[in-house]
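Overview (structure and organization)
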Amino acid sequence: MSAPELSASHSGLMDRVYRHQRHIYDLTRKYYLLGRDRMISELSPPTGGTVLELGCGTGRNLILAARRFPNAHFYGLDISAEMLATARASIARAGLSDRISLAQADATSFDAAALFGRSGFDRVFVSYALSMIPGWERSVSAALSVSDGSLHIVDFGQQEGLPCWFRKLLRGWLGKFHVSPRERLATEIAQQAQAAGKSFRFTSLYRGYAWLIVVGGPKPI
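What you see is a predicted model, and the numbers here were worked out from it, not measured in a lab.

Calculation criteria
- Residues numbered from 1 in each chain as written.
- Predicted model: local features only at pLDDT ≥ 70, side-chain atom pairs only at ≥ 80, totals over all residues.
- Heavy atoms only, no water.
- Salt bridge = Lys/Arg side-chain N within 4 Å of Asp/Glu carboxyl O.
- pLDDT = per-residue confidence, 0-100.
- Contact = heavy atoms within 4.5 Å.
- Helix = DSSP H or I, 4+ residues; strand = E, 2+ residues; numbered from the N terminus.
- Buried < 20%, exposed > 50% of the residue type's maximum accessible area, 1.4 Å probe, protein only.
- Pairing = 2+ DSSP bridges.
- Right-handed = clockwise from strand over helix to strand, strands pointing away.

1. Looking at the pattern of salt bridges
On inspection of all chains with the given rule, the structure shows four salt bridges. Through salt bridges with shared partners, a single ionic network connects Arg38, Glu42 and Arg201.

2. With respect to the confidence of the model for the chain
On average, residues of the chain score 88 in pLDDT, and 84% of them are at 70 or above. When the criterion is pLDDT under 50, residues 15-28 qualifies, and its contacts beyond four places in sequence or with other chains add up to 22 contacts.

3. Topic: the side chain of Ser139
Looking at the element boundaries, Ser139 is found in helix α7 (residues 136-145). A relative accessible area of 1% places Ser139 in the buried class.

4. Some words on the pairing of strand β5 (residues 147-156)
Across the 10 residues of β5, eight count as buried, placing the element largely inside the fold. Pairing geometry for strand β4 (residues 121-127) and β5, over six bridges, is parallel. Bridge pairing in β5 links Ser127 to Val154. As a crossover connection, the stretch from β4 through α7 into β5 is right-handed. Inspection of the sheet shows β5 paired to strand β7 (residues 210-215) by six bridges, in the antiparallel sense. Across the sheet, residue Phe156 finds its bridge partner in β7, namely Ala210.

5. Regarding the pairing of strand β6 (residues 200-205)
Of the strand pairs in this sheet, β6 and β7 are connected by six bridges, and their pairing is antiparallel. Following the sheet pairing, Thr203 is matched in β7 by Leu212.

6. Digging into unusual backbone geometry
A positive phi angle is found at Ser44, which is not glycine, with a value near 40 degrees. Relative to the helices and strands, Ser44 is located in the loop between α3 (36-41) and β1 (50-54). In this model, His178 sits at a positive phi of 65 degrees, which is unusual for a non-glycine residue. Residue placement: His178 occurs in the loop between α8 (164-175) and α9 (185-195). Judged by relative accessible area, which is 41%, His178 ranks as partly exposed.

Structural data, given as structure tokens:
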């Protein structure tokens, strides 16, 4: 299957999965998509800066970030038209349509200049999307290619400090939504960061339930 065919196939799958779930997504996911708010709080874009989210879903993170950093402009892309419909409605209700721009695109291969009129962003972030994207490694490469500052990623870890039974139950449940925690997530991102000559910071959260990774940018004090 070619890349365009794979992209169309995944877009259709995500639309089917979230056609109805998108209406309750934020309400249900807040209990187990841990670490998102910490990641957002660490973005700290410069005044007048730009922030891009890959796999923006319902727009929940973009709205939270835009409220936290009122002097920045935000951009989001997602492969699912259904999720973007919810995102646009939520952003409009929040009164943030003038500061948040959205586009439908594949996070593994996109043209930021064509989509948003700019080729680089001060901050780029990905929240619980890499565990859903076929060829997720290409999304990391794409994110790094448009990151002029730092790249922030939070996703499922390997639950290394949690009981085996919990890990088994979690993965079985996540599989129903086509979600697969990436065992090589930290290793792959570290390798790409090194190749790009950028710093790499890794934090395991909640006994490995989630992993928080920052590539580039200043080291925390």
